[in-house]
Amino acid sequence: SAVISQKPSRDICQRGTSLTIQCQVDSQVTMMFWYRQQPGQSLTLIATANQGSEATYESGFVIDKFPISRPNLTFSTLTVSNMSPEDSSIYLCSVKVWTDSPLHFGNGTRLTVT
Amino acid sequence: GENVEQHPSTLSVQEGDSAVIKCTYSDSASNYFPWYKQELGKGPQLIIDIRSNVGEKKDQRIAVTLNKTAKHFSLHITETQPEDSAVYFCAETGANNLFFGTGTRLTVIP
């Protein structure tokens, strides 16, 4: 399976600021996704990152708050904008090598907003 | 479907005993059922999965069973070891996205 690297692994940010999280995969993958995992909770899909076009967002998530880029088949970024303490979560990049492949996750970015 | 129930939320077993975690789903179109293990400070790791055309799948000490009629699937871990301690998530999908259960925190007591 693909090796997924996320940066930063953790950060503490002030409210009102923005943080961009990077996801790098060691091989080309068909699909890339961003998930959020709130403390002690399950995983919620934020959006599907589409190469060269706008991401597809799930209900409750909007582009202005979570802009996503995917310039190629190995890299994506998620920005958490105008952060508030409620945005404190683990943000996880995940990929499918092919459409029917299993979903694999990176180790996540642990974000704390103060 | 978006409704995946997972039980129990916490589970403690003695080392060497078996652990069973159960999930139920509501979407009859669901056809893929993976299980993930998440250790502290790490992302979820796929440990086993099953597709709807199979009733059971085994991989060493781990097995998954699927009952499509009753819409439930279970993870079985035999001969548990302390390194099995983690949070386990079930998931299901039909055509598109994976929907995750609420997680089970498994503690294996040495």
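Our structure is the block above this text.
Parameters and conventions
- Residues numbered from 1 in each chain as written.
- Chains lettered and ligands numbered in written order.
- Predicted model: local features only at pLDDT ≥ 70, side-chain atom pairs only at ≥ 80, totals over all residues.
- Heavy atoms only, no water.
- Phe/Tyr/Trp six-rings, centres within 6.5 Å; stacked < 30°, edge-to-face > 60°.
- Helix = DSSP H or I, 4+ residues; strand = E, 2+ residues; numbered from the N terminus.
- Buried < 20%, exposed > 50% of the residue type's maximum accessible area, 1.4 Å probe, protein only.
- Disulfide = S-S within 2.5 Å.
- Pairing = 2+ DSSP bridges.

### Thoughts on the packing of aromatic side chains
Following the criterion strictly, the structure yields 11 aromatic pairs over all chains and no others. A ring pair is formed by Tyr35(A) and Phe105(A), whose centres lie 5.3 Å apart and whose planes are at 65 degrees; its orientation type is edge-to-face. Separated by 70 residues along the polypeptide, Tyr35(A) in strand S4 (residues 31-37) and Phe105(A) in strand S10 (residues 104-105) bring together distant segments of the chain. The exposure class assigned to Tyr35(A) is buried, which follows from its relative accessible area of 2%. On the basis of an interplanar angle of 90 degrees and a centroid distance of 5.7 Å, the ring pair of Tyr35(A) and Phe100(B) is categorised as edge-to-face.

### Focus on the state of the cysteines
Here, the word disulfide means a covalent bond between the sulfur atoms of two cysteines. Residue and element names in this part refer to chain A. Throughout the structure, instances matching the rule amount to 2 disulfides over all chains. The disulfide bridge from Cys-23 ends at Cys-93, spanning 1.9 Å between sulfur atoms. Torsion about the S-S bond of the Cys-23 and Cys-93 cystine: about -70 degrees, corresponding to left-handed handedness. You can see Cys-23 sitting in strand S3 (residues 19-25) and its partner Cys-93 sitting in strand S9 (residues 89-96), a full 70 residues away along the chain.

### Comments concerning the sheet that holds strand S1 (residues 4-7) of chain A
Residue and element names in this part refer to chain A. Spatial ordering of the open sheet is given by S1-S3-S8-S7, a layout of 4 strands whose pairing is antiparallel. Each edge of the sheet is formed by a strand with only one pairing partner; in this case those strands are S1 and strand S7 (68-69). Bridge count between S3 and strand S8 (residues 75-80): 6 bridges; the pairing is antiparallel. Within the sheet, the bridge partner assigned to Gln-24 lies in S8 and is Phe-75.

Nothing here speaks to function; it is geometry throughout.
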